[in-house]
Amino acid sequence: RRSSDLLSRIEKEPVHKQPLDLAALWHKHQREQQPRLAQKNLTLRLRHNGTDADEHTAIPLNADPFWLEQALANLLDNAMREAPAGSIITLAVSQNRQETRIALHNPTRAPVPDYALPRLFERYYTLNRKENSGLGLTLVAQIAEQHGGTACAENRDGGLTITLVLPA
């Protein structure tokens, strides 16, 4: 579905939170994106509370499965587009009683300029008009907000990290 259609939908419809497995959603995207990942020789890694997670690791979360899947799909799509060939894209999830932090980190050829970091979530703002609409991260931020959370972007460890913080 197009980001613009989804964006108008998330702004109007309430989210329906329910128990889900974040790791299962991530692995589903990994399987769906295998051809693109293989084409660029990209590796996806999942970490939970500081340790590597595999297909048998469950990461319980109370969220709207449809909208969380849209957020993950957008983040992963951006990461695969921007990551240099042969790099590792990491989804690091940390949880405590108050919140769940979902941080997607991908290496980048060059850091995002500091002035642009807070603007990445603005509607139609993009550093690359040829390859995207500037709506994907706006949608991600809206999804986080509808769940009572936040989204932020930072340059870290030779790449870009987008973090969603959702209340427990």
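Residues numbered from 1 in each chain as written. Predicted model: local features only at pLDDT ≥ 70, side-chain atom pairs only at ≥ 80, totals over all residues. Heavy atoms only, no water.

**Quick word on the overall build of the protein**
Heads up, the condition is: Note on conventions: DSSP H or I runs of at least 4 residues are helices, E runs of at least 2 residues are strands, and numbering of each starts at the N terminus. Radius of gyration means the value over C-alpha atoms here, while the globule rule gives 2.2 Å times the residue count to the 0.38 power. Think of it in three bands: residues with accessible area under 20% of the maximum for their type are buried, residues over 50% are exposed, and the middle band is partly exposed, with areas taken using a 1.4 Å probe on protein chains only. When checking whether two residues touch, look at their non-hydrogen atoms; a contact exists if any pair is within 4.5 Å. Each accessible area is a Shrake-Rupley estimate made with a 1.4 Å probe; only the visible protein chains count as cover when residues are assessed. We treat Lys and Arg as the positive residues and Asp and Glu as the negative residues; His and chain ends play no part in the count. For the purpose of locating charges, the reference atoms are NZ of Lys, CZ of Arg, CG of Asp and CD of Glu.
Within the protein, the regular secondary structure consists of five helices and eight strands. Listing each helix as α and each strand as β along the protein from the N terminus yields α-β-α-α-β-β-β-α-β-β-α-β-β. What you see for the protein is a C-alpha radius of gyration of 15 Å, in line with the 15 Å of a compact globule of 168 residues. Taking the principal axes of the C-alpha coordinates as reference, the protein spans close to 35 × 35 × 30 Å. By residue count, 47% of the 168 residues in the protein fall in the buried class. For the protein, contacts bridging at least 24 residues in sequence account for 70% of all contacts bridging at least 6. In the form shown here, the protein has an accessible surface area of approximately 8800 Å², with 49% of it arising from carbon and sulfur atoms. When the 20 positive and 19 negative side-chain charges of the protein are each reduced to one mean point, those points stand 3 Å apart.

**Looking at the packing of aromatic side chains**
This is how it is decided: Any two rings among Phe, Tyr and Trp, with Trp reduced to its six-membered ring, count as a pair given centres within 6.5 Å; such a pair is stacked if its planes are under 30 degrees apart, edge-to-face if over 60, and tilted if neither.
Per the counting criterion, the structure on display carries one aromatic pair. Considering the side-chain rings of Phe 66 and Trp 67, the 4.9 Å spacing of their centres and the 80 degrees angle between planes classify their relative orientation as edge-to-face.

**Overview of the packing of helix 2 (residues 22-32) against helix 4 (residues 65-82)**
Defined as follows: For helices, the fitted axis covers only the stretch in contact; all axes are lines through C-alpha atoms, and the angles between them, taken along N-to-C directions, range from 0 to 180 degrees. Any angle from 65 to 115 degrees is called roughly perpendicular, while one under 35 is roughly parallel, one over 145 is roughly antiparallel, and all others are oblique. The hand of a helix crossing depends on one turn: near helix anticlockwise from the far one by less than a right angle means left-handed, and clockwise means right-handed.
Relative orientation of the contacting elements helix 2 and helix 4 amounts to 45 degrees, with a least axis distance of 10 Å. Accordingly, the angle class assigned to the pair helix 2 and helix 4 is oblique. Where helix 2 crosses over helix 4, the handedness of that crossing is right-handed. In this structure, helix 2 contributes Leu 22, Leu 25, Trp 26, Lys 28 and His 29 to the contact, and helix 4 contributes Pro 65, Leu 68, Glu 69, Leu 72, Ala 73 and Leu 76.

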